Every structure is written in C-alpha cells, then in structure tokens.
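Survey of secondary and tertiary structure
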Amino acid sequence: MIPFKLTDELLAEIQQLIETQKNSTLETLLEEVHYADVAEIINELKSDEATYLIKLLDSDKTSDVLTELDEDIREAILNNLSVKEIAEELEELDTDDAADIVGELPQEIVQDVISEIEDKEHAKDIVDLLRYDEDSAGGLMAKELVKVRETWNVLTCVKEMRAQAENVTRVHSIYVVDDEDKLIGRLSLKDLLTTSTTVPIRDVYIAKKVDSVNVNEKPEEVAKIMSKYDLEAIPVVDEIGRLVGRITIDDIVDVIKEEAEKDYQLAAGISQDVEADDSIWELTRARLPWLILGLFGGLGAAAIMGGFEEMISKHAILFYFTPLIAAMAGNVGVQSSAIIVQGLANDDLKGSVGNRLIKEMLLALLNGLILAAILLLFTWFWKGDFLTALAISISLIAVIIVAGFIGTFTPLFLDKRGIDPAIATGPFITTSNDIFGILIYFWIAKIVLGI
C-alpha cells in the first residue's frame, strides 16, 4: 500500500474543483481515498469548503471522516449542517463514535438530532452511552457486539449471529450470556462450526473466566489490561455483571495516544491540554504556571549563591562550575523520574519503594563517580588546584545522588497520592534539583576548602 501524501498541488486542485463545483470530478478523485486521508484534506480546507465536501460525498464515507477531523474543524462543519444532515451522519457510525459527536453538539439541538435518527434502536443506544462519564469504560465502549444465550442451540445461535453481525463492523468475539444478560463466557467460532446444530450452546461455550471491565473503569486501566493480554476487544459489564458493550483496540490506541500527549505536555511544563493552533491566551495559561515556578526556582538559587558571596569572591572558579552542577542535577533528576514514570505507566515496577530508591541511588553513585573522575582531572589540569578540583568533584557526586533520589521518590509519591506522576519529569524536578544542587555544591565546597 502506497502511503497517501497530501501535496500543495493536490490541495489546490481540490479547492479549485470545489470553487467551480465540478462535483463528478471531485467524487471520482476522492472515490478511492481512505476516509482518514479525506479527513487530512478537509483539515486543510476553509470551513465553507470543508462543509461543501462533506455534503457532497456519501454518508458512508463522511461519517467516518467526521471522527478523524480536528475538533475545531468538526465543530465548524457541524454548525453548517442541518439537524437532519447530522442525524444521517450519525446513523452510519458505531454508537461510541456517534455518542462522542453528539456530546460535542450544542445542548439545544441534541434532542432534535436524536429524534431525526430513523433507527430508533441506534438512537436509544447513543442516548444510553451519553449517560456515562467520558473518562470511563462506559464512555469509551460501543454497544455493537455479538452475543448469544446459553439456552439456544447452535442453529438458533447462527441465525441470531447473522442478524446481529449486520450492525457490527468487525466481529472479534462471540459472548455468551444467561437469561439475565450476565456475561458467563465466550464462544469459539471453530467449535460453533464443528458442532451439531441441535447441541445447546451451554455444552459448547468456553466457561472459564472472561476478561472484562466494569463500566466505571478508567480508560488507562482498560488500556493496561488489553495491552497485557493482547486483546483486540474486551467486553464491558455493569455493576451486576450484565454485558452492556465492548471496547475495541482502535479506541484504546486513541486513549494511549491522548495519554502520551498529555504526559508529554506535563513533562514539558504545560499544565493544560493545548494545541499549536490554540489562541495565545490559551497557550499562555497552559505555560505560565510552570514558568513562574521556574522563575522562583531561579530566584531561590540566586539567593543561595548570595549567601556564599564571600567564598565565591575568594574562589571564583566555583562560580564557573555552577551551571554545570545545576544542569547535571536537572538531567539526572529527569532521567530517574522518566524511568519511574514509564514503569508506573506500564505497570512494570517490581519490588518495594525502598528497594527502588536504593537501586537508583547506587546507579547515581556509579554515574557520579565516573563523571566526578573526569571533572577532577579536567579541573586539576586546567587550574592546577587539586583541592578545589576535589571539592567540585565531591560536590558533583553528592548532587547526582540527591537528584537521583528526588527524581525517583517524587513520581512514586505523586502516584500514591493519585496525582499524575508525569508532572515529575518536567520543570518541577528540574527546578527543585537546581535549588538543592546549588545548595549542596557550595556547602560541600565550603567544608572541603575549610572556609
């Protein structure tokens, strides 16, 4: 498969075709283009051009296109569509995607849109999904699935599966429920095909525990379960065990992507979910809190250095190495915290907190000794003052050990308190280690030099 590439020439051609309303040429040009690539095109168009294209193409394709669009572009398009046109698009979507779009609509038209959906069962499922918190398995799941009752025989099961499968894009699993719709097992397609049509399903299905999640489970936890057991889909049950939906791998990929983007922004010192094309005010609000923290951290470091002014005046070389000490403290802290945050995210951390701290501090000690030896030789040959070189090198070892401790302990502490530990890989760690690093550096130098 040749990857789609949106060129300036292709975009200009599409805009020209829209302007001249050459509909048949447009339809032919985009007929074989995947809906995700059509979404990429529409993201680059003006609002009126994007709406024109959505109205022109078949709902079979444009409904999927809507789910792939940037939120602001989708909002602009939906504002330009009538209630009936929105309902037509929703009818072509799986219930989870349809519910997501309905959730973005202005409240005053939601009821009208739902009323226009001709498939009332589909409309009922969408409304049912809207009552779940979007940050839960219930808000992530789709209602489309294939389920059979344990009391049916194989022949009845096959007939019912055919009817249900018409509304399911891809059949990952066949779930078995009892008369109260409680999930009790799953059915192997091979066993179904090789068993007599008169045999009851209760004699065929796999009754061992089925991996499932509760409707209130956090999406991040669902992602961990599906990743751990290599699942393409997982059933969702309510508080009493009734099968209410399923979550597929494509939804989980979106969750993982969103979580990674959020953690990356937190690590970079951005406190809100923003994008490059957001307003200056929104971007400022997201960045300013951590920048203010960095400012106060710098003022704190300056104040500490002011307390050692006399020592610095007598040993000016100490001042030259201040940026190096601060940088090494920040780097080691970020490295340590990044490993811990990754382990927490993947649920890979083994052993107690104490053992983890000891391991990281031993690692910091080994790195510190190697780096300090290099720094000692460099400073000694550069300035010819062994005692000063020794003071700086010992300080570096201590700073690296403390930075490793802070970088390891902080994300573990935040995670225990229910705070996203990704925050520990950003300016928080860098700033705190800068302050502690400078303090330790001058304090140890003062002791070694006997000042």
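Look above for the structure.
Our subject in this report is the structure included herewith.

**Some words on the overall build of the protein chain**
Each helix and strand in the protein chain was counted, giving 22 helices and 6 strands. Here the C-alpha atoms of the protein chain give a radius of gyration of 30 Å, more than 25% beyond the 22 Å that 2.2 N^0.38 yields for 451 residues. Principal-axis analysis of the C-alpha atoms gives the protein chain an extent of 90 × 65 × 45 Å. Across the 451 residues of the protein chain, 42% fall into the buried class. Partitioning the intrachain contacts of the protein chain with sequence separation of at least 6 by distance along the chain shows that 67% fall at a separation of at least 24. Each charge class in the protein chain can be summarised by its mean position, and for the 39 positive and 80 negative side chains these summaries are 8 Å apart.

**Concerning the sheet that holds strand β2 (residues 174–177)**
Strand order in the open sheet formed by 3 strands is β1-β2-β3, with mixed pairing between adjacent strands. The two strands at the open ends of the sheet, each matched to only one other strand, are β1 (146–149) and β3 (183–187). Across this sheet, the average inter-strand angle for adjacent strands is 35°, counted without regard to direction. Relative to β2, β1 is paired through 4 bridges, and the arrangement is parallel. Looking across to β2, one finds that Arg149 is bridged to Val177. Packing of helix α12 (residues 154–165) onto the sheet brings it into contact with β1, β2 and β3, and relative to β1 it is tilted by some 155°.

**Structural notes on the sheet that holds strand β4 (residues 213–214)**
Taken together, the 3 strands give an open sheet; going across it, the order is β4-β5-β6, and neighbouring strands pair in mixed fashion. One side of each edge strand has no neighbouring strand; the edge strands of this open sheet are β4 and β6 (243–248). As defined by bridge partners, β4 adjoins strand β5 (residues 233–237) across 2 bridges and the pair is classed as parallel. When the sheet's bridge partners are listed, Val213 is paired in β5 with Val236.

**Comments concerning the packing of helix α8 (residues 95–104) against helix α10 (residues 120–130)**
In the contact formed by α8 and α10, the axes pass within 9 Å of each other and the chain directions differ by 65°. α8 and α10 meet at a crossing whose hand is right-handed. Judged by residue contacts, Thr95, Asp96, Ala98, Ala99, Val102 and Gly103 of α8 engage His122, Asp125, Ile126, Leu129 and Leu130 from α10. Grouping the constituent residues of the contact of α8 with α10 by class yields 6 nonpolar, 3 polar and 2 charged.

**Describing the packing of aromatic side chains**
This model, assessed by the stated rule, comprises 9 aromatic pairs. Look at Trp380 and Phe381: their rings are 6.0 Å apart centre to centre, the planes differ by 25°, and that puts the pair in the stacked class. Trp380 gets classed as partly exposed once you look at its relative accessible area, which sits at 37%. Here Phe381 falls in the exposed class, since its relative accessible area comes to 67%. Geometrically, the ring pair formed by Tyr441 and Phe442 is tilted, given 4.8 Å between the ring centres and 50° between the ring planes. For the pair Tyr441 and Phe442, one class covers both residues: buried. Grouping aromatic residues by their ring pairs yields a cluster made of Tyr320, Phe321, Phe378 and Trp382.

**Concerning the pairing of β3**
Pairing of β2 with β3, which is carried by 4 bridges, proceeds in the antiparallel orientation. Each bridged residue has a counterpart across the sheet, and for Tyr175 the counterpart in β3 is Arg186. Counted between consecutive antiparallel strands, the loop separating β2 from β3 contains 5 residues, among which Asp181 sits at a positive phi close to 70°.

**Considerations on the pattern of salt bridges**
In total, this model carries 10 salt bridges according to the counting rule given. Residues Glu104 and Arg74 are paired through a salt bridge, measuring 2.7 Å at the closest nitrogen-oxygen approach. Taken as a pair, Glu104 in helix α8 and Arg74 in helix α6 (residues 71–79) lie far apart in primary sequence, 30 residues in all. Judged by relative accessible area, Arg74 falls into the buried class, the value being 7%. Ionic pairing is found between Asp238 and Arg242, a salt bridge with its closest N-O pair at 2.7 Å. Classification of Asp238 by relative accessible area gives buried; the value is 8%. Using a relative accessible area of 37% as the deciding quantity, one classes Arg242 as partly exposed.

**Here's the deal with the environment of Val215**
When you line up the elements, Val215 lands in the loop between β4 and α14 (219–228). Put simply, Val215 and Gly139 are 76 residues apart on the chain and 7.9 Å apart in space, counted from C-alpha to C-alpha. Apart from residues no more than four positions distant in its own chain, Val215 is found in contact with Tyr132, Ser136, Ala137, Gly138, Val236, Val237, Asp238, Glu239 and Val244.

Cut-offs applied
- Residues numbered from 1 in each chain as written.
- Predicted model: local features only at pLDDT ≥ 70, side-chain atom pairs only at ≥ 80, totals over all residues.
- Heavy atoms only, no water.
- Helix = DSSP H or I, 4+ residues; strand = E, 2+ residues; numbered from the N terminus.
- Rg over C-alpha atoms; globule rule 2.2 N^0.38 Å.
- Buried < 20%, exposed > 50% of the residue type's maximum accessible area, 1.4 Å probe, protein only.
- Contact = heavy atoms within 4.5 Å.
- Lys, Arg positive; Asp, Glu negative; His and termini not counted.
- Charge placed at Lys NZ, Arg CZ, Asp CG, Glu CD.
- Pairing = 2+ DSSP bridges.
- Axes fitted to C-alpha atoms, helices over the stretch in contact; angles between N-to-C directions.
- Left-handed = near helix turned anticlockwise from the far one by under 90°.
- Nonpolar A, V, L, I, M, F, W, Y, C, P; charged D, E, K, R; others polar.
- Phe/Tyr/Trp six-rings, centres within 6.5 Å; stacked < 30°, edge-to-face > 60°.
- Salt bridge = Lys/Arg side-chain N within 4 Å of Asp/Glu carboxyl O.

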